[in-house]
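# Analysis of the macromolecular model
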Amino acid sequence: MRRPPATALWLSLPALLMLAVPFVTLIGLTHWTHFRLAWGDSNAIATSLVLGAVSLMLVILSGLPLAWWLAQARGKPRLVAELVVLIPLLTPPLAMGILLVSAWGPYSPAGSLLARGGIALTNNPAAFVLAQWYGALPYFVMAARAAFADVPVVILEAGRTLGASPWQRFWRLSLPLASSGLATAVALAWVRAMGEFGIVMIFAYFPQGMPVKLYNNLQNDGVDAVYVLLWLLLLFTLPVPLACFALTRRNAQNRRQMLP
Amino acid sequence: MAFLRYSALLLGMGLTASALAGNDIHVTYAGSMGKVMDEGLGPAFARQQNSHYQGQGQGAYGMARLLASKKLTADVFVSITPGPMRILKQAGLIDNAVPVASTSMVIAYNPKGKYAQQFAALNGNDSRWLDLLATPGLKFGRTDPVNDPKGQNIVFTLLLAEKFYQKPGMAEKIMGGVQNPAQVNLEGGLLTRLESGQVDAAAGYESEVRSAHLPYLSLPDAINLSNPAEAKQWYDTVSFTLKDSQGHDKTLHTQPLVYYAAVLKNAPHGEQTGQAFIDFLRSPQGQQLFQQYGYAAAKGDAIWP
């Protein structure tokens with residue numbers, strides 16, 4: 001394997017240092033001898049991980065077809081769809097939460113319709129999942145679309161000529177060829193869902209995941225309780241993106257080996 | 001060369017900012033005071049002193065803890081109830097805190113909601129408002145007693161009301177549990193729900209509800225927690241418990257709804273600047289601004305005699 005030039009490493013140092021400073025500080029600030037969870041922290045971890053996994057599934061299921069279509073669409077329909085994805089992406093999470101309350105609250109048109117079916121989206125697991133879904137979906141679609149766009153058009157054209165259906169082209173060609181980029185998109189969606197605070201604090205304050213618990217720990221016990229939960233948040237949420245990156249690397253290696 | 005020039009420019013801007021900082025003031029306050037601080041008192045003080053005002057609001061306890069752990073510095077801290085001030089006193093950051101305004105618990109309601117007419121026809125002199133709040137299907141909102149003094153205060157108000165009107169069990173019937181997810185939100189979430197008409201009624205302070213121009217139901221002194229004179233004899237007869245960070249029960253008691261202000265000993269712009277701001281809050285002009293934003297006059301004495 002070829003190594004990147006040493007100059008690139010030197011030029012990377014400022015960025016790496018800047019990113020590392022707060023966490024090196026965190027190591028120093030943590031009271032390792034009194035490292036213990038505040039009451040309810042473990043509930044918050046379970047809430048974030050379990051409901052976050054549900055949201056991630058929904059994000060992938062709903063986002064993949066959209067991203068694939070966006071990568072190939074042309075003209076006005078694409079522009080409209082792009083705007084529909086970009087607008088929530090640009091909307092600050094706090095404002096998004098406010099909009100969700102108005103759009104899905106019990107007295108909104110959508111909310112009253114759901115209420116007739118006995119479903120309420122107020123501070124319950126469904127509302128929490130919806131908040132994470134809104135938070136992560138636009139990021140996922142943008143990243144996945146870029147991944148699909150990298151798949152050479154000639155390969156898809158060849159598939160079509162050989163009689164592959166759209167489903168076969170998606171499943172057998174686009175998905176495997178774009179898998180590295182898609183893994184990054186999944187990692188991004190997971191990170192976004194786990195850290196979601198702005199939407200959640202307005203729209204789904206309960207059940208309380210890790211970000212809201214961080215806020216409450218600060219209110220009730222001060223910053224030390226925040227550090228403890230932050231360590232656990234990193235511990236439990238890092239494996240997903242790390243696994244995604246490992247997958248990316250493995251795919252890249254396989255592809256290199258396949259080349260003549 | 002251009003790079004050098006821009007660096008020099010940036011450096012110059014930094015120097016100018018720190019030179020100007022001499023007569024700046026940085027005020028931290030309990031989140032619910034945003035309007036009166038940032039639109040009323042802060043700008044008026046800045047005009048009077050020909051200085052620059054910077055306000056920062058957040059949940060009172062969280063703000064107090066950030067200040068106490070020196071993660072944040074400010075010249076003045078203004079908050080409701082003595083609780084957050086005690087955190088600063090323990091951290092050795094303040095000597096005392098003086099009352100600057102007061103308020104009372106009220107029930108705000110959605111003017112376009114389906115219960116608006118019924119609320120408008122009621123007053124706090126009899127217990128009909130309790131029955132209305134307990135109506136099945138009525139959506140009542142309040143903040144979290146776990147992290148917000150206001151969330152605790154509405155629990156006290158309802159507990160006092162069931163005693164005052166002799167309606168045992170009424171508080172529980174209305175609340176459905178102290179931390180009932182169907183009712184409890186963070187401050188911002190509750191305000192959003194009230195203003196976008198997604199709740200029918202919400203617990204609030206008279207000051208903020210009037211600032212927001214929402215219709216509300218006033219309650220008698222015996223239950224609105226505004227009167228320090230009632231504290232020992234009557235308010236203190238109710239309490240409730242919450243879990244602390246170790247999971248143990250802690251018992252909460254009422255605290256008078258008085259706004260206190262204190263100068264911080266590590267004030268970045270000097271304790272004198274901080275004191276000038278507090279003097280302004282207590283001056284006739286400051287008190288008039290408080291009143292204009294729906295606050296009542298300061299009640300009682302400094303927290304520590």
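Note that the structure is predicted; figures quoted are calculated from it, not measured.

Rules and cut-offs
All residue numbers refer to positions counted from 1 along the written sequence of the respective chain. The naming scheme follows written order: chains are lettered A onward, ligands numbered 1 onward. In keeping with the model being predicted, local features are shown solely for residues with a pLDDT of at least 70 and side-chain atom pairs are shown and tallied solely at 80 or more, while totals for entire chains, interfaces and linings include all residues. To qualify as a helix, a DSSP run of H or I must reach at least 4 residues; to qualify as a strand, a run of E must reach at least 2; elements of each kind are numbered from the N terminus. Just to be clear, the radius of gyration here is over C-alpha atoms, and the globule rule we use is 2.2 Å times residues to the power 0.38. For every residue, the other C-beta atoms within 10 Å of its own C-beta are counted; 20 or more classify it as buried, 12 or fewer as exposed, and values in between as partly exposed. C-beta atoms are placed from the backbone. Whether two residues are in contact is decided by their C-beta atoms, placed from the backbone, lying within 7 Å. Throughout this entry, Asp, Glu, Lys and Arg are counted as charged residues, while Ala, Val, Leu, Ile, Met, Phe, Trp, Tyr, Cys and Pro are counted as nonpolar. The remaining residues, Gly among them, count as polar. Structurally, a nonpolar core is described as a collection of buried Ala, Val, Leu, Ile, Met, Phe, Trp, Tyr and Cys residues joined by way of C-beta atoms within 7 Å. A domain assignment, automatic or from a database, supplies the domain bounds used here. Strands are treated as partners if at least two bridges between them are detected by DSSP. Angular values range over 0 to 180 degrees, each being the angle between N-to-C directions of two axes fitted as lines to C-alpha atoms, with helices fitted over their stretch in contact. The handedness rule is simple: strands pointing away from the viewer, and a clockwise path from the first strand over the helix to the second, make the crossover right-handed. Note: crossing handedness is left-handed where the near helix turns anticlockwise from the far helix by less than a right angle, and right-handed where it turns clockwise.

It is worth spelling out the overall build of chain B at this point. Scanning chain B for helices and strands turns up 14 helices and 12 strands. Over its C-alpha atoms chain B spans a radius of gyration of 21 Å, differing by no more than 12% from the 19 Å that the globule rule assigns to 305 residues. Across the 305 residues that make up chain B, the buried fraction comes to 47%.

Helix and strand counts for chain A come out as 13 helices and zero strands. Along chain A, from the amino end to the carboxyl end, the secondary structure elements read α-α-α-α-α-α-α-α-α-α-α-α-α. Reported as C-alpha extents along the three principal axes, the dimensions of chain A are approximately 65 × 60 × 25 Å. Considering only intrachain contacts with a sequence separation of at least 6, the fraction spanning at least 24 residues in chain A is 78%.

Before going further, it helps to spend a moment on the interface of chain A and chain B. Much of the literature gives interface size as the accessible area that the parts lose upon coming together. Contacts between chain A and chain B engage 24 residues on the former and 26 residues on the latter. In terms of residue count, helix α11 (residues 210-221) of chain A provides more of the side of chain A that touches chain B than any other element does, five residues in total. When its residues are assigned to classes, the side of chain A that touches chain B shows 13 nonpolar, 10 polar and one charged.

On to the nonpolar core. Counting residues in each nonpolar core, the largest one holds 83 residues, and the members touching the most others are Val-76, Val-78, Leu-88, Ala-262 and Leu-264 of chain B. Broken down by element, the residue count for this core peaks at seven residues, all from helix α7 (residues 149-164) of chain B. Three or more residues apiece are contributed to this core by two domains, here domain 1 (24-102 + 257-292) and domain 2 (105-253) of chain B. In contact with Val-76 of chain B, not counting residues within four places along its chain, are Val-27, Ala-261, Val-263, Leu-264, Gly-274, Phe-277 and Ile-278 of chain B. Residues Leu-64, Tyr-134, Ala-204 and Leu-214 of chain A belong to the second largest nonpolar core, which totals 66 residues.

Tracing the backbone through its elements, the reader meets Glu-39 of chain B in helix α2 (residues 34-49). Glu-39 of chain B sits 16 residues away from Gly-55 of chain B along the chain, and the two C-alpha atoms are 9.9 Å apart.

We now examine the environment of Val-84 of chain A. Residues and elements named next belong to chain A. Checked against the element boundaries, Val-84 lands in helix α3 (residues 75-90). By C-beta crowding, Val-84 is classed as exposed, having 12 other C-beta atoms within 10 Å. Between the alpha carbons of Val-84 and Pro-138 there is a distance of 9.0 Å; along the sequence they are 54 residues apart.

Residues and elements named next belong to chain B. Sheet architecture is open: five strands sit in the order β7-β6-β8-β5-β9, paired in mixed fashion. The sheet is open, and its two borders are formed by β7 (184-185) and β9 (216-217), each paired with just one other strand. Across two bridges, strand β6 (residues 140-143) lies against strand β8 (residues 201-205) in parallel orientation. When the sheet's bridge partners are listed, Phe-140 is paired in β8 with Ala-201. Running over the sheet, helix α9 (residues 187-195) touches β5 (105-109), β6, β7 and β8 and is turned about 155° from β6.

As a further point, take the domain arrangement of chain B. Residues and elements named next belong to chain B. Parsing chain B into structural domains produces domain 1 (24-102 + 257-292) and domain 2 (105-253). Among the elements of the structure, α2 and α3 (60-68) are those that each provide at least two residues to the side of domain 1 that touches domain 2. Of the residues in the side of domain 1 that touches domain 2, the class split is six nonpolar, six polar and one charged.

What follows covers the pairing of strand β1 (residues 24-30) of chain B. Residue and element names in this part refer to chain B. Burial analysis of β1 places six of its seven residues in the buried class, which makes it a mostly covered element. Pairing analysis gives seven bridges linking β1 to strand β2 (residues 52-58), with the strands arranged parallel. Opposite His-26, over in β2, you have Gln-54 as the bridge partner. For the segment spanning β1, α2 and β2, crossover handedness is right-handed.

So, about the packing of helix α2 (residues 41-72) of chain A against helix α6 (residues 125-149) of chain A. Residue and element names in this part refer to chain A. One way to put it is that α2 packs onto α6 with a least axis distance of 7 Å and a crossing angle of 35°. In terms of crossing hand, the pair formed by α2 and α6 is right-handed. When the residues that make up the contact of α2 with α6 are grouped by side-chain class, the tally is 21 nonpolar, five polar and one charged.

Residue and element names in this part refer to chain B. Of all five residues that make up β5, five are buried, and the element is covered over most of its length. Residues Met-105, Ile-107 and Tyr-109 point to one face of β5 and Val-106 and Ala-108 to the other, with burial holding for every one of them. As paired strands, β5 and β8 are joined by five bridges and run antiparallel to one another. Note that in β8 the partner of Tyr-109 across the bridge is Ala-201.

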